[in-house]
Amino acid sequence: MSTPATYRDSTQLCLPCETVAEFRESLNEQFVITVVTGDDDCCIIGSPVEIESVTRFLVRRGVLTQ
């Protein structure tokens, strides 16, 4: 059976805020996401399909997402 953590991991991507800030405008224009700012990290939240697309977008620009 699936756990809540499994679903959460597939619907959010947490990165340092400075990394998200660099791409935030492009991300908001191209994807249906919400960015939540925490103390140290920013989480990009969206559907599993959107998070997968955001991950590909960032990796193509040299950002490590793991």
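Preceding this paragraph is the structure being described.
Small disclaimer: the values here were computed from a predicted structure and weren't measured.

Visitor: Is there a simple way to think about the packing of helix α2 (residues 17–30) against helix α3 (residues 48–60) in this case?
Guide: Put simply, α2 and α3 touch, their axes get as near as 11 Å, and they point 140° apart. With respect to each other, α2 and α3 are oriented oblique. Crossing hand, α2 versus α3: right-handed. Every residue of α3 that contacts α2 at Phe23, Ser26, Leu27 and Gln30 is listed here: Val54, Phe57 and Leu58. A per-class count over the contact of α2 with α3 returns five nonpolar, two polar and no charged.

Visitor: I would appreciate a short explanation of a negative patch on the surface in the present structure.
Guide: On the surface, Glu18, Asp39, Asp40 and Asp41 cluster together to form a negatively charged patch. Locating aspartate 40 in the fold gives a position in the loop between β2 (34–37) and β3 (41–45).

Visitor: What is the right way to read the state of the cysteines from this model?
Guide: Note on terminology: a disulfide is the covalent bond linking the sulfur atoms of two cysteines. Scanning the model with the defined rule gives two disulfides in all. Note on cysteine connectivity: cysteine 14 is disulfide-linked to cysteine 43, with sulfurs 2.2 Å apart. On the sign convention where negative is left-handed, the bridge of cysteine 14 and cysteine 43, at about 90° about the S-S bond, is right-handed. Of this pair, cysteine 14 sits in strand β1 (residues 12–16) while cysteine 43 sits in strand β3, and the two are 29 residues apart along the sequence. The exposure class of cysteine 14 is partly exposed, given its relative accessible area of 35%. For cysteine 43, a relative accessible area of 17% corresponds to the buried category. Note on cysteine connectivity: cysteine 17 is disulfide-linked to cysteine 42, with sulfurs 2.2 Å apart. On the sign convention where negative means left-handed, the S-S torsion of about 105° between cysteine 17 and cysteine 42 marks this disulfide as right-handed. Placement of cysteine 17 in helix α2 and of cysteine 42 in strand β3 is noted, with a sequence separation of 25 residues between them. The connectivity of the disulfides in the protein is 1-4, 2-3, where the numbers refer to bonded cysteines in sequence order.

Parameters and conventions
Residues numbered from 1 in each chain as written. Predicted model: local features only at pLDDT ≥ 70, side-chain atom pairs only at ≥ 80, totals over all residues. Heavy atoms only, no water. Axes fitted to C-alpha atoms, helices over the stretch in contact; angles between N-to-C directions. Helix = DSSP H or I, 4+ residues; strand = E, 2+ residues; numbered from the N terminus. Parallel < 35°, antiparallel > 145°, perpendicular 65-115°, else oblique. Left-handed = near helix turned anticlockwise from the far one by under 90°. Contact = heavy atoms within 4.5 Å. Nonpolar A, V, L, I, M, F, W, Y, C, P; charged D, E, K, R; others polar. Patch = residues over 30% accessible without salt bridge, like charges linked within 9 Å, V, L, I, M, F, W, Y side chains within 5 Å. Areas by Shrake-Rupley, 256 points an atom, 1.4 Å probe, with all protein chains shown as cover. Salt bridge = Lys/Arg side-chain N within 4 Å of Asp/Glu carboxyl O. Lys, Arg positive; Asp, Glu negative; His and termini not counted. Charge placed at Lys NZ, Arg CZ, Asp CG, Glu CD. Disulfide = S-S within 2.5 Å. Buried < 20%, exposed > 50% of the residue type's maximum accessible area, 1.4 Å probe, protein only.

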